[in-house]
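One-letter residues, chain by chain:
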Amino acid sequence: VFTKGLIEPAMRTAQSLDRRDRLQMYRARQTGGGMVLSTTETAIPGARIELAIKGQNAFALAFGVFDFTGSPAAAFWLLTGRFWVDGSARPGIATKYISKNDRVTSSRMWAVALVPGLHTFELHAFKGAGNGTATVNELGTALTLLVGDYP
Amino acid sequence: VSGYLAPFLVDGDPVSAEALFEFFQAVAGQDAPSRIKVATAAASAPLTVTTAVQSVTGATVNVTVTGQNAFGLVLAVFDLTNTLATASFRGLVYIDGAEQDTPAVKWGDGAADRATYSQFFPVNLPAGAHTINLRAVKDLNTGTFTVNATNTTLTLLVVDLP
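A quick note: this is a predicted structure, and the numbers were derived from the prediction, not measured.

Trainee: I tried to follow the packing of aromatic side chains on my own but got confused; where do I start?
Mentor: How two aromatic rings sit relative to each other is given by the distance of their centres and the angle of their planes. Scanning the entire structure with this criterion turns up seven aromatic pairs over all chains. For the pair Phe 83 of chain A and Phe 121 of chain A, a centre-to-centre distance of 6.2 Å together with 10 degrees between the ring planes defines the contact as stacked. On the criterion of sequence distance, the pair formed by Phe 83 of chain A in strand 5 (residues 77-85) and Phe 121 of chain A in strand 9 (residues 117-127) is long-range, its members being 38 residues apart. Ring centres 5.7 Å apart and planes at 45 degrees place the aromatic pair Phe 89 of chain B and Phe 145 of chain B in the tilted group. Taken together, the positions of Phe 89 of chain B in strand 5 (residues 88-95) and Phe 145 of chain B in strand 10 (residues 144-147) put the pair 56 residues apart, joining distant regions of the chain. For the pair Phe 89 of chain B and Phe 145 of chain B, a shared accessibility class is recorded, and that class is buried. Through successive ring pairs, a cluster of aromatic residues spans Phe 83, Trp 110 and Phe 121 of chain A. One Lys or Arg, Arg 135 of chain B, reaches over the ring of Tyr 94 of chain B and ends 3.8 Å from the middle of that ring.

What follows is the structure, encoded as structure tokens:
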């Protein structure tokens, strides 16, 4: 379990004069078992990070991995994973076209500029129209952030 | 994108490895030259995956950190071919001999296929020497999974904080 990149608020304040706390990492894994996908985009439980930004020139690099399963055979649809910041989806998707029983980790990176204040980062997923069942699995699904909080 | 990333990225564009490298080079030059390092390794031979965990030859990074609060970002990419396999593949990252908790996965579905599968995650790095490497395993002895050397890589960004 990754812990050292997460600086407690009091420590963050104490270190605010030191550049060493400005580049940090955060991670959130999916929780609660597999989530069955529907055609309605849904937040993935656990794959959510909230943090406060202080600097005027802050940014985040986000690394999203979606552990997708689709079945049964002869179902045809796109599984889509997206990255949301403060209630809005960012451009760009991680995707897998399902044409038979299949399971893969689909991944993508995103970059986002951040203004001072509280921010929420989430992974969402949905499927296109089609028969059969699609799931995003807990094992390989996670959101990782590299955050630069620069004044 | 504004601020430090602006010279390297266009808002909405996917982040390329080249842009990341240029960015971290710039950060290292402007901020703390000794604190941010990037180490990379590529597979040097194909690996035929079995039901026993095996290392991917060449995909090993050795780093030494001095800080008490160092951490790293692991970027693992497996270039995988499966031929008529009905087993599950797991691409693993090991740090100092310990398996990390989120693998790259592929379920062979009985059809030939090839793709790159990735996984990214942060790690704590206590002061000292560390070895990070890619390994692979499958759960059933059916079909063939091959980790190709061509595009299988391990990248480690190290932030060595005192």
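Trainee: Sorry, what's going on with the pairing of strand 10 (residues 133-148) of chain A here?
Mentor: Sheet faces and side chains relate simply in a regular strand, where the side chains alternate between the two faces. Residues and elements named next belong to chain A. The element strand 10 is extensively covered by neighbouring structure, given that 13 of its 16 residues are classed as buried. Two strands pair when backbone bridges link them, and strand 1 (residues 23-29) and strand 10 are joined in this way by seven bridges, in the antiparallel orientation. Note that in strand 10 the partner of Arg 27 across the bridge is Thr 144. In this structure, strand 2 (residues 35-36) lies alongside strand 10, joined through two bridges in antiparallel fashion. Within strand 10, the residue paired with Val 36 across the bridge is Thr 135. Pairing geometry for strand 4 (residues 58-71) and strand 10, over twelve bridges, is antiparallel. From the neighbouring strand, Ala 60 faces strand 10, where its bridge partner is Val 147.

Trainee: Before we go on, may I ask you to explain unusual backbone geometry in this structure?
Mentor: Among all residues except glycine, the phi angle is most often negative; among peptide bonds, the trans geometry is most common. One non-glycine residue with positive phi stands out, namely Asp 86 of chain A, at about 50 degrees. Following the sequence through the fold, Asp 86 of chain A ends up in the loop between strand 5 and strand 6 (88-89). Unusually for a residue other than glycine, Asp 96 of chain B sits at a positive phi of about 50 degrees. You can see Asp 96 of chain B is positioned in the loop between strand 5 and strand 6 (98-99). You can call Asp 96 of chain B partly exposed: its relative accessible area is 44%.

What counts and how
Residues numbered from 1 in each chain as written. Chains lettered and ligands numbered in written order. Predicted model: local features only at pLDDT ≥ 70, side-chain atom pairs only at ≥ 80, totals over all residues. Heavy atoms only, no water. Phe/Tyr/Trp six-rings, centres within 6.5 Å; stacked < 30°, edge-to-face > 60°. Helix = DSSP H or I, 4+ residues; strand = E, 2+ residues; numbered from the N terminus. Buried < 20%, exposed > 50% of the residue type's maximum accessible area, 1.4 Å probe, protein only. Lys NZ or Arg CZ within 6 Å of the ring centre and 35° of its normal. Pairing = 2+ DSSP bridges.

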